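Letter by letter, the chains look like this.
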Amino acid sequence: QVQLVESGGGLVQPGGSLRLSCAASGSIFSLNVMGWHRQAPGKERELVATISSGGSRTYANSVKGRFTISRDNARNTVDLQMNSLKPEDTAVYYCTLGMIGKNYWGQGTQVTVSS
């Protein structure tokens, strides 16, 4: 069993910031990738950012330079600092854990960027 629990979503004005957090629990292999995906209404779920247990990071081009992903390997947590938010960032954000060919997903947290 693996469980992912997100927090930190909400409503923010364009140009504002939010910090999302995710805590993973259960049987977790030490070598893994944690990250964030998002899905807006009517659109496919897309990658936002990932970070491996070794610290390698990837970002979608649309968020590069604005979002920062970080993790604590000891606690199996991952955060996403989102700055300079735009209306097009509005989506449900999902925490993801990838491990030995199996992906686990959190319940999702809503982020709305609007004036």
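Above this text you will find the structure in question.
The text that follows walks through the structure, step by step, so that each part is easy to find. (Residues numbered from 1 in each chain as written. Predicted model: local features only at pLDDT ≥ 70, side-chain atom pairs only at ≥ 80, totals over all residues. Heavy atoms only, no water.)

Take the pairing of strand 10 (residues 102-105) next. Bridge count between strand 9 (residues 91-99) and strand 10: four bridges; the pairing is antiparallel. In the sheet register, Gly98 faces strand 10, and the bridge partner there is Asn103. Counting the residues in the hairpin turn of strand 9 and strand 10 gives two residues, including Ile100, whose phi is positive at 50°. (Pairing = 2+ DSSP bridges. Helix = DSSP H or I, 4+ residues; strand = E, 2+ residues; numbered from the N terminus.)

Here Arg45 shows up in the loop between strand 4 (33-39) and strand 5 (46-52). Spatially, the C-alpha atom of Arg45 lies 9.3 Å from that of Tyr94, the residues being 49 residues apart in sequence. Aside from chain neighbours lying at most four places away, what touches Arg45 is His37, Arg38, Gln39, Tyr94 and Trp105. (Contact = heavy atoms within 4.5 Å.)

Bringing the pattern of salt bridges into the picture now. The full count for this structure, using the stated rule, is five salt bridges. One salt-bridge network, held together by shared partners, links Arg38, Glu46, Arg66 and Asp89. (Salt bridge = Lys/Arg side-chain N within 4 Å of Asp/Glu carboxyl O.)

For the rest of this paragraph, the subject is the sheet that holds strand 8 (residues 77-82). The strand order across the open sheet formed by four strands is 1-3-8-7, and the pairing between neighbours is antiparallel. Each edge of the open sheet carries a strand with a single partner, namely strand 1 (2-7) and strand 7 (67-72). Across the sheet, the mean angle separating the axes of adjacent strands is 15° when strand polarity is ignored. Of the strand pairs in this sheet, strand 1 and strand 3 (residues 18-26) are connected by six bridges, and their pairing is antiparallel. Each bridged residue has a counterpart across the sheet, and for Glu6 the counterpart in strand 3 is Cys22. (Axes fitted to C-alpha atoms, helices over the stretch in contact; angles between N-to-C directions.)

Our next topic: the nonpolar core. Judged by nonpolar contacts, the single largest core of 29 residues is most densely connected at Trp36, Val48, Phe67, Val78, Leu80, Met82 and Tyr93. Secondary structure elements with two or more residues in this core: strand 1, strand 3, strand 4, strand 5, strand 7, strand 8, strand 9 and strand 11 (109-113). It is strand 9 that provides the largest number of residues to this core, a total of five residues. Excluding anything up to four places from it in sequence, Val48 contacts Trp36, His37, Arg38, Thr58, Tyr59, Ala60, Val63, Phe67, Leu80 and Tyr93. (Core = buried A, V, L, I, M, F, W, Y, C linked by side-chain atoms within 4.5 Å. Buried < 20%, exposed > 50% of the residue type's maximum accessible area, 1.4 Å probe, protein only.)

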